[in-house]
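Descriptive structure summary
Listed here are the chains, written in short residue letters.
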Amino acid sequence: MKGPALYQQEWQEKEIKIPASSLEDFSGENYVYSVKWLGFTVGEVKFHNLGLEEYKGRKIYRITVIAKTNKLIRYLFRVEDEVNSYIDAETLKPVVLKVKRRERNYRTDYETYFDYENNKIIHIASLKGERKKADLPLDAYGIISCFYKFRTLDF
């Protein structure tokens with residue numbers, strides 16, 4: 001493809017290499033996102049990779065996501081959510097997902113365990129006293145572990 005002379009250099013095909021990464025490369029990451037509604041900042045989401053830990057004898061990475069409304073909006077619609085995702089250090093598959101949601105009058109606490117030996121997902125909603133089991137697909141990833149798995153692929 002031939003582009004305009006002014007942009008000739010930008011139109012040339014270039015080889016792009018993205019080096020492979022490991023989850024260790026992302027330890028200690030901190031991101032803060034603003035949540036906007038109708039052009040106004042109404043809250044923020046903090047995303048933190050706490051790094052390598054041990055969970056029940058297994059090496060894991062713990063990722064914490066906290067979402068909160070700002071001080072002004074909190075009086076109208078309070079949001080205080082916290083998600084902790086425990087990701088296996090070798091496979092990058094989720095081990096446990098712990099969620100605590102507080103949104104206005106809505107409350108929920110639940111834990112989801114990924115049992116790869118028995119191919120089961122165990123979901124425990126502690127406030128409701130519910131416990132459910134479901135089949136676990138072999139290549140299942142949670143939304144947070146999928147984010148990191150994608151970032152470690154070799155392109």
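Being a predicted model, the structure only gives us computed values, none of them experimental.

Quick notes on the overall build of the protein
Helix and strand counts for the protein come out as two helices and eight strands. Listing every helix and strand of the protein by position from the N terminus yields α-β-β-β-β-β-β-β-β-α. The C-alpha radius of gyration computed for the protein amounts to 20 Å, which surpasses the reference 15 Å derived for 155 residues by more than 25%, pointing to a less compact arrangement than a globule. The principal-axis extents of the C-alpha atoms in the protein amount to approximately 70 × 45 × 25 Å. A total of 155 residues make up the protein; the buried ones form 29% of that total. Considering only contacts within the protein whose residues lie at least 6 apart along the sequence, 33% involve residues at least 24 apart. Carbon and sulfur atoms provide 54% of the accessible area of the protein, an area that totals close to 11,300 Å². Taken together, the 27 basic and 23 acidic charged side chains of the protein have centroids lying 8 Å from each other.

Concerning the nonpolar core
It is characteristic of soluble globular proteins that their nonpolar side chains tend to be buried jointly. Counting residues in hydrophobic clusters, the biggest one holds twelve residues: Leu23, Phe26, Phe47, Tyr61, Ile63, Val65, Val83, Ile87, Leu92, Val99, Ile144 and Tyr148. Contributing elements (two or more residues each) for this core: strand 3 (58-69), strand 4 (80-88) and helix 2 (143-151). Not counting chain neighbours up to four residues away, the residues in contact with Ile87 comprise Leu23, Lys59, Ile60, Tyr61, Ile63, Leu92, Lys93, Pro94, Val95, Ile144, Ser145 and Tyr148. If you look at the next biggest cluster of nonpolar residues, it comprises five residues, including Tyr55, Ile60, Tyr86 and Val95.

Structural notes on the side chain of Asp81
Tracing the backbone through its elements, the reader meets Asp81 in strand 4. Among buried Asp, Glu, Lys and Arg side chains, Asp81 stands out as unpaired, with Arg101 the closest opposite charge at 4.2 Å. Of note is the side chain of Asp81, whose polar atom sits 3.0 Å from the backbone nitrogen of Arg102. The residues touching Asp81, leaving out its near neighbours within four places in the chain, are Val65, Ile66, Ala67, Lys100, Arg101, Arg102 and Glu103.

Some words on the sheet that holds strand 2 (residues 40-55)
Spatially, eight strands are ordered 1-2-3-4-5-6-7-8 in an open sheet, and the strand pairing comes out antiparallel. The outermost strands of the open sheet, each flanked by one partner alone, are strand 1 (30-37) and strand 8 (130-135). Averaged over all pairs of adjacent strands, the angle between their axes in this sheet comes to 15°, without regard to strand direction. The pairing of strand 5 (residues 94-103) with strand 6 (residues 106-115) spans eight bridges and is antiparallel. Note on strand 6: the bridge partner recorded for Arg101 is Thr108.

Regarding helix 2
Within the sequence span of helix 2, burial applies to Ile144, Ser145 and Tyr148. Buried residues of helix 2, viewed axially, fall in a sector of 95°; they line one side. Structurally, helix 2 contributes buried residues whose contacts are with strand 2, strand 3, strand 4 and strand 5.

Criteria and thresholds
- Residues numbered from 1 in each chain as written.
- Predicted model: local features only at pLDDT ≥ 70, side-chain atom pairs only at ≥ 80, totals over all residues.
- Heavy atoms only, no water.
- Helix = DSSP H or I, 4+ residues; strand = E, 2+ residues; numbered from the N terminus.
- Rg over C-alpha atoms; globule rule 2.2 N^0.38 Å.
- Buried < 20%, exposed > 50% of the residue type's maximum accessible area, 1.4 Å probe, protein only.
- Contact = heavy atoms within 4.5 Å.
- Areas by Shrake-Rupley, 256 points an atom, 1.4 Å probe, with all protein chains shown as cover.
- Lys, Arg positive; Asp, Glu negative; His and termini not counted.
- Charge placed at Lys NZ, Arg CZ, Asp CG, Glu CD.
- Core = buried A, V, L, I, M, F, W, Y, C linked by side-chain atoms within 4.5 Å.
- Salt bridge = Lys/Arg side-chain N within 4 Å of Asp/Glu carboxyl O.
- Polar contact = N/O pair within 3.5 Å; in protein donor to acceptor, adjacent residues only side chain to side chain.
- Pairing = 2+ DSSP bridges.
- Axes fitted to C-alpha atoms, helices over the stretch in contact; angles between N-to-C directions.
- Arc of directions from axis to C-beta.

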